[in-house]
Amino acid sequence: MNRRSRVVVAMSGGVDSSVVAALLHDAGHEVVGITLHLYGRGSRNAGTKTCCAGQDVYDARRVADHLGIPHYVLDYEKRFQDNVMQDFADRYAEGVTPVPCVLCNQRVKFRDLLDTAMELDADWMATGHYVRRVEGPRGPELHRAADASKDQSYFLFATSRTQLERLRFPLGGFSKEQTRQAAVRAGVGVAEKPESQDICFVPDGDYRDIVRTLRPDTAAAGDIVHVDGRVLGSHAGITGFTVGQRRGLGVTDAGQPLYVVRIDAAERRVVVGPKESLGVSGISIRDVNWLADEASEPGTELNDVQLRVRSTHRGTSGRVRLLAGGRAEVSFQSPEQAVAPGQAAVFYRGSRVLGGGWIEPRSSWPPARDRDEGRAL
């Protein structure tokens, strides 16, 4: 972005996107701010740690006015409910644990909003994500942020190569403290604003109410069953469980800690077992987004890559083998625990994101390598 450009900035009302708008404006670019109103239409009180709703919309407008840039609010509430919130509830009804932030980026921000930016004749669209876009020998690459504690590359794995051509992430080399300092210098008034939470449309932290409203069938009772077949108790709905969960199960087994091993949505059954039951040596993933330089035909393999199977996962070594139909098999170098279907599996080489996909239900995973892992199924 060395030349003067027209840039659409996705302004959520938080400190990150506000600083992006300020930095680009100060650099001499023609900045247009766009805020998406995603939920809570008509309310200014959607919570103090939300995103794209309530007070956030008003904060974004104040920042734009302070900078003297045009600002537009687009009502995407229906799109957000159809593409993100409904999918969130549907996945829980299937017994898997979704990642709505990935879908929001994939289906709303980097698809619909990016299309709008191009309709406005923008050269680029910029966001406040902590991730780096690096020009590689074969085109733009997606890399982890310089600040590992703020890195959001896991949530952006579904970004396509075509989208990367038009996206910019000015905060990829910043720490959060540096961003807040930049906000103070720019005088945008949101330097100390709290960060939005992981699930922005659940301001009270209880996602189960949202799921039960959209999918009442998820509140049906069922059994909690040990991996050896014993019925240990009952539950009031599968939405309260995720693979790897230990707390709040409401059952014990001779004082031995138990963990959720599998969720059988069809039978309303939650399967639990000891910690060793969680170990798996491989998983299957669907809807793979491929960003690696290697060919993407079925049979292509990536060896010695780092695999992250949830956003808080540090990563583990393994191998990825592409299959037909946008699927892939992932093999871990050593058994990995608490791998939850519905989460994203993202693979890296160094700081670079090579691709990723969605973890399929456990019944479709490759056979376990040893008898103990097989027994857990």
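Below is a summary of the structure that appears in this document. (Residues numbered from 1 in each chain as written. Predicted model: local features only at pLDDT ≥ 70, side-chain atom pairs only at ≥ 80, totals over all residues. Heavy atoms only, no water.)

Right, let's talk about the pattern of salt bridges for a bit. As enumerated under the stated definition, the model contains 27 salt bridges in all. Across the salt bridge formed by Asp 16 and Lys 176, the nearest N and O atoms sit 2.9 Å from each other. Here Asp 16, found in helix H1 (residues 15-26), pairs with Lys 176, found in helix H6 (residues 176-186); they are 160 residues apart in sequence, far enough to count as distant. Lys 176 matches Asp 16 in its accessibility class, with the two residues each being buried. Linking Lys 78 and Asp 82 is a salt bridge whose minimum nitrogen-to-oxygen distance equals 2.5 Å. A residue pair is termed a helical-turn pair when its members lie 3 or 4 positions apart in one helix, as Lys 78 and Asp 82 do in helix H3 (residues 77-93) at four residues. Its relative accessible area of 41% is what places Asp 82 among the partly exposed residues. A network of salt bridges, in which partner residues are shared, links Asp 56, Asp 59, Arg 62 and Lys 193. (Salt bridge = Lys/Arg side-chain N within 4 Å of Asp/Glu carboxyl O. Helix = DSSP H or I, 4+ residues; strand = E, 2+ residues; numbered from the N terminus. Buried < 20%, exposed > 50% of the residue type's maximum accessible area, 1.4 Å probe, protein only.)

In the contact formed by H1 and H6, the axes pass within 9 Å of each other and the chain directions differ by 55 degrees. In this view, H1 runs oblique relative to H6, as classed from their interaxial angle. For the crossing formed where H1 meets H6, the hand is left-handed. Along the contact surface, H1 presents Val 15, Asp 16, Val 19 and Ala 22, while H6 presents Lys 176, Thr 179, Arg 180, Ala 182, Ala 183 and Ala 186. For the contact of H1 with H6, the per-class residue count stands at six nonpolar, one polar and three charged. (Axes fitted to C-alpha atoms, helices over the stretch in contact; angles between N-to-C directions. Parallel < 35°, antiparallel > 145°, perpendicular 65-115°, else oblique. Left-handed = near helix turned anticlockwise from the far one by under 90°. Contact = heavy atoms within 4.5 Å. Nonpolar A, V, L, I, M, F, W, Y, C, P; charged D, E, K, R; others polar.)

Another point: the packing of aromatic side chains. Considering all chains together, one arrives at seven aromatic pairs under this definition. Where Phe 88 meets Tyr 207, the ring centres are 6.2 Å apart and the plane angle is 85 degrees; that geometry is what we call edge-to-face. Placement of Phe 88 in helix H3 and of Tyr 207 in helix H7 (residues 207-214) is noted, with a sequence separation of 119 residues between them. An identical accessibility class is assigned to Phe 88 and Tyr 207; each is buried. On the basis of an interplanar angle of 90 degrees and a centroid distance of 5.5 Å, the ring pair of Tyr 154 and Phe 155 is categorised as edge-to-face. Residues Tyr 154 and Phe 155 agree in their burial class; the two are buried. An aromatic cluster is built from Phe 88, Tyr 92 and Tyr 207, whose rings are joined through pairwise contacts. The side chain of Arg 79 reaches across the aromatic face of Tyr 76, ending 4.2 Å from its centre. (Phe/Tyr/Trp six-rings, centres within 6.5 Å; stacked < 30°, edge-to-face > 60°. Lys NZ or Arg CZ within 6 Å of the ring centre and 35° of its normal.)

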